[in-house]
Amino acid sequence: MDTEDISFPFIVITSHGDEHIAVEAMKAGALDYVVKSENSMLDMPHIAERALREWNHITERKSAEKKSSESLIKLHKTMDGIINAMMLTIEARDPYTAGHQKKVAIIAEAIAVEMGLTQDHLDAIRMAGLIHDLGKIYVPSEILSKPGRISEAEFDIIKTHPTVGYDILKTIEFPWPIADIVLQHHERINGSGYPGGITGDRILIEAKIISVADVVEAMATHRPYRAALGIDIALEEIKRNRNKLYDPDVADACIKLFEERNFTFEL
Ligand SMILES: [Fe+2]
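Residues numbered from 1 in each chain as written. Predicted model: local features only at pLDDT ≥ 70, side-chain atom pairs only at ≥ 80, totals over all residues. Heavy atoms only, no water.

Observations concerning unusual backbone geometry
Trans peptide bonds make up the majority, and among non-glycine residues the majority have a negative phi.
Logical step 1: The peptide bond linking Tyr194 to Pro195 adopts the cis configuration, its omega dihedral lying at 5°.
Logical step 2: Within the secondary structure, Pro195 sits in the loop between α9 (178-183) and α10 (205-220).
Logical step 3: Not every positive phi belongs to a glycine, and Asn243 is a case in point at roughly 70°.
Logical step 4: With respect to the helices and strands, Asn243 occurs in the loop between α11 (231-240) and α12 (248-259).
Logical step 5: The exposure class assigned to Asn243 is partly exposed, which follows from its relative accessible area of 48%. (Helix = DSSP H or I, 4+ residues; strand = E, 2+ residues; numbered from the N terminus. Buried < 20%, exposed > 50% of the residue type's maximum accessible area, 1.4 Å probe, protein only.)

Some words on the nonpolar core
Logical step 1: Formed by 52 residues in total, the largest nonpolar core has its most connected members in Ile111, Leu169, Ile178, Val212, Val216, Ile238 and Phe258.
Logical step 2: Broken down by secondary-structure element, the contributors of at least two residues to this core are α3 (44-93), α4 (100-114), α5 (119-130), α9, α10, α11 and α12.
Logical step 3: Among the elements that take part in this core, α10 stands out by supplying nine residues, more than any other.
Logical step 4: Sequence-distant contacts of Leu169, defined by excluding residues within four places in its chain, comprise Met86, Ile131, Leu134, Phe174, Ile178, Ala179 and Val182. (Core = buried A, V, L, I, M, F, W, Y, C linked by side-chain atoms within 4.5 Å. Contact = heavy atoms within 4.5 Å.)

As for the layout of surface pockets
Logical step 1: Taken as a whole, the largest pocket holds about 800 Å³ of empty space.
Logical step 2: Taken together, 32 residues line the largest pocket, and the ones lying closest to its centre are Phe155, His186, Ala218, Arg223 and Tyr225.
Logical step 3: Among the elements of the structure, α6 (141-144), α7 (152-158) and α10 are those that each provide at least two residues to the lining of the largest pocket.
Logical step 4: Of the residues forming the lining of the largest pocket, the biggest block, five residues, is contributed by α10. (1 Å grid on protein atoms, 1.4 Å probe; cavity = no way out; pocket = protein on both sides within 12 Å on 5 of 7 lines; lining within 4 Å. Points joined across faces, edges and corners; volume = space filled by probe spheres on them.)

A word on the domain arrangement of the chain
Logical step 1: The assigned domain composition of the chain is domain 1 (3-63) and domain 2 (94-259).
Logical step 2: Centre-to-centre separation of domain 1 and domain 2, based on C-alpha positions: 58 Å. (Domains from an automatic or database assignment.)

Section: the coordination of the iron ion
By definition of the ideal shapes, a tetrahedral metal site with four donors has angles of 109.5 degrees and an octahedral site with six donors has angles of 90 or 180 degrees.
Logical step 1: The iron ion binds to the protein through Asp133 (OD), His161 (NE2), His185 (NE2) and His186 (NE2), with metal-donor distances spanning 2.1 to 2.3 Å.
Logical step 2: Between the four donor atoms coordinating the iron ion, the angles at the centre fall across 84 to 172°, so the site counts as irregular.
Logical step 3: On the primary sequence, the residues serving as donors to the iron ion are separated as D-x27-H-x23-H-H. Here His185 lies in the loop between α9 and α10 and His161 lies in helix α8 (residues 161-169), a separation of 24 residues in the sequence. Both residues of the pair, His161 and His185, belong to the buried class. (Donors = N, O, S within 2.8 Å, 3.2 Å for Na, K, Ca; no water. Tetrahedral: all angles 85-135°; square planar, octahedral: opposite > 155°, others 65-115°.)

A word on empty space enclosed by the protein
Logical step 1: All chains considered together, the criterion is met by two cavities of 30 Å³ or more.
Logical step 2: Put simply, the second largest cavity is a space of about 30 Å³.
Logical step 3: Lining the second largest cavity we find Glu187, Arg188, Ile189, Ile203, Lys208, Ser211, Leu245, Tyr246 and Asp247.
Logical step 4: In terms of residue class, the lining of the second largest cavity is made up of four nonpolar, one polar and four charged. (Nonpolar A, V, L, I, M, F, W, Y, C, P; charged D, E, K, R; others polar.)

Topic: the packing of aromatic side chains
For any pair of aromatic rings, geometry is given as the distance between the ring centres together with the angle between the planes.
Logical step 1: Taken as a whole and judged by the stated rule, the model has four aromatic pairs.
Logical step 2: Plain terms: the ring middles of Phe258 and Phe265 are 6.1 Å apart, the flat faces sit at 80° to each other, and that makes the pair edge-to-face. Assigned by exposure class, Phe258 and Phe265 land together as buried.
Logical step 3: Linked through ring pairs, Phe258, Phe263 and Phe265 together constitute an aromatic cluster.
Logical step 4: One cation-aromatic arrangement involves Lys159 over Tyr194; the distance from NZ or CZ to the ring centre is 5.7 Å. (Phe/Tyr/Trp six-rings, centres within 6.5 Å; stacked < 30°, edge-to-face > 60°. Lys NZ or Arg CZ within 6 Å of the ring centre and 35° of its normal.)

Here you go:
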């Protein structure tokens with residue numbers, strides 16, 4: 001226990017001058033430690049006043065810290081709410097992939113946990129995962145929900161969605177590089193992805209994780225143009241292209257998650 005945890009101010013007065021007792025008293029939260037003597041007793045009003053000043057200072061700081069952490073929590077909640085609203089807006093236009101972004105966010109976050117990434121990375125991955133297809137707002141819904149094969153021209157339109165998402169999100173000052181993660185979620189480590197065709201060393205770890213989660217979710221579940229392929233086929237794809245299209249550490253964590261940790265998500 002220390003002064004931070006004490007709910008009332010106190011000072012310790014003792015008749016023994018002992019360094020050990022002094023340390024213990026301060027550790028227990030005492031604001032001061034006084035050895036009884038004629039002089040120290042005469043000085044008591046001054047000692048008490050100094051202790052109270054210190055106490056007020058501690059209480060004020062504690063209340064300011066509480067307020068700032070409360071407003072940070074509120075801010076996070078607001079941000080979560082806005083992200084969620086954005087996610088629902090995109091998915092309202094594209095019912096076939098409704099729930100896709102949420103599932104990608106869940107899978108991606110689980111991969112990141114498996115990889116031992118920091119809370120900051122986890123937050124970035126969850127937020128970006130929930131809105132990674134935001135740019136599809138620009139793609140006509142006939143193309144998005146087309147049951148048959150799509151033409152090259154239609155695919156060219158679909159391929160604009162990471163850039164469109166980036167252009168929208170770059171206007172918001174997030175505490176994480178959300179716009180860049182969204183921009184890079186279709187890049188592949190060998191440079192065969194889009195829109196930049198950039199290689200592994202230039203792709204953010206968050207984007208590498210979301211891209212693997214995106215492939216797994218998309219292959220495992222039903223799409224307008226095909227039936228669900230299932231999780232086993234999805235994992236085979238990740239294994240086959242480990243270190244070619246997909247970052248090897250991300251691929252390994254993903255495979256471990258499903259095969260050893262029995263991770264599942266709602267199909
Ligand atoms: Fe996408």
